[in-house]
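Chains, contacts and geometry: an overview
So the chains spell out like this:
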Amino acid sequence: MEHPIAEPWTRYEDSIQWRIHHAYYQQRGAGAWLEHEIPYQSTSNIAAVQRHVRLFTALVAERISDDDGDAHETLWVLEVGAGSGHFAANFLRALESHSPDIAAR
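The text that follows walks through the structure, step by step, so that each part is easy to find. Not measured: the values here are computed from a predicted model. (Residues numbered from 1 in each chain as written. Predicted model: local features only at pLDDT ≥ 70, side-chain atom pairs only at ≥ 80, totals over all residues. Heavy atoms only, no water.)

**Considerations on the packing of aromatic side chains**
Formally: Any pair of Phe, Tyr and Trp rings, taking the six-membered ring for Trp, is counted once the centres come within 6.5 Å. Such a pair is stacked with planes under 30 degrees apart, edge-to-face with planes over 60 apart, and tilted for the rest. Under the scheme used here, helices are H or I runs from DSSP no shorter than 4 residues and strands are E runs no shorter than 2 residues, and both carry numbers assigned from the N terminus. Think of it in three bands: residues with accessible area under 20% of the maximum for their type are buried, residues over 50% are exposed, and the middle band is partly exposed, with areas taken using a 1.4 Å probe on protein chains only.
Summed over all chains, the structure comprises two aromatic pairs. Between the aromatic rings of Phe 56 and Phe 91, the centroid separation amounts to 5.5 Å while the plane-to-plane angle is 75°, which identifies the pairing as edge-to-face. Of this pair, Phe 56 sits in helix H4 (residues 46–60) while Phe 91 sits in helix H5 (residues 86–98); the two residues are 35 residues apart in sequence, bridging distant segments of the chain. For Phe 91, a relative accessible area of 5% gives the class buried. An aromatic cluster is present here, built from Phe 56, Phe 87 and Phe 91 joined pairwise through their rings.

The structure is reproduced here in structure tokens:
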């Protein structure tokens with residue numbers, strides 16, 4: 001049995017599903033969170049994760065090396081909640097791409 005296809009293969013953050021999902025949570029606002037409608041796809045997809053990686057690297061940039069440029073501190077990232085691990089996996093993949101030196105730590 002063939003299934004109808006709404007669009008050809010597309011990265012999630014460029015897809016129709018993303019636009020619908022994003023619009024829904026944008027309209028619902030904080031109410032979605034307060035009523036436990038966690039916007040999983042809007043928090044775990046690679047586009048959202050890349051924003052978090054840029055923020056993370058900016059926050060830790062001052063702490064990643066001493067005066068000689070040597071790494072001196074282990075960095076820990078905690079994914080809060082009981083998620084599926086998709087955010088963490090996407091975060092690490094994006095971090096390795098964006099900042100391999102920090103990812104190695």
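Next, the rest of the story.
**Examining the pattern of salt bridges**
The criterion, for reference: Whenever a carboxyl oxygen of Asp or Glu lies within 4 Å of a side-chain nitrogen of Lys or Arg, that contact is scored as a salt bridge.
One pass over the full model with this rule turns up one salt bridge. The salt bridge involving Asp 14 is made with Arg 11; its shortest N-O contact spans 3.6 Å. Judged by its relative accessible area of 45%, Arg 11 is partly exposed.

**Focus: the nonpolar core**
Heads up, the rule is: Remark: nonpolar core denotes a set of buried residues (Ala, Val, Leu, Ile, Met, Phe, Trp, Tyr, Cys) joined through side-chain atoms within 4.5 Å. Residues count as neighbours in contact if any of their non-hydrogen atoms are within 4.5 Å of one another.
If you look at the biggest cluster of nonpolar residues, it comprises 10 residues: Val 49, Val 53, Phe 56, Val 60, Leu 75, Phe 87, Phe 91, Ala 94, Leu 95 and Ile 102. Looking at this core, the elements that each hand over two or more residues are H4 and H5. Apart from the residues within four sequence positions on either side, Leu 95 is in contact with Val 53, Phe 56, Thr 57, Pro 100, Ile 102 and Ala 103.

**With respect to the packing of H4 against H5**
The condition is simple: Note on definitions: angles span 0 to 180 degrees between N-to-C directions of axes, and those axes are lines fitted to C-alpha atoms, for helices only across the stretch in contact. Each angle receives one of four descriptions, namely roughly parallel if under 35 degrees, roughly antiparallel if over 145, roughly perpendicular if within 65 to 115, and oblique otherwise. By convention the crossing between two helices is left-handed if the near helix lies anticlockwise of the far one by an angle smaller than a right angle, and right-handed if it lies clockwise. Three classes are used: nonpolar for Ala, Val, Leu, Ile, Met, Phe, Trp, Tyr, Cys and Pro, charged for Asp, Glu, Lys and Arg, and polar for all others, with Gly counted as polar.
Close contact between H4 and H5 brings their axes to 9 Å; oriented N to C, the two are set at 60°. Compared by their axis directions, H4 and H5 come out oblique. Between H4 and H5 lies a crossing whose hand is right-handed. Along its contact with H4, which presents Ile 46, Val 49, Gln 50, His 52, Val 53, Arg 54, Phe 56 and Thr 57, the element H5 presents Phe 87, Asn 90, Phe 91, Ala 94, Leu 95 and His 98. For the contact of H4 with H5, the residue count by class is eight nonpolar, five polar and one charged.

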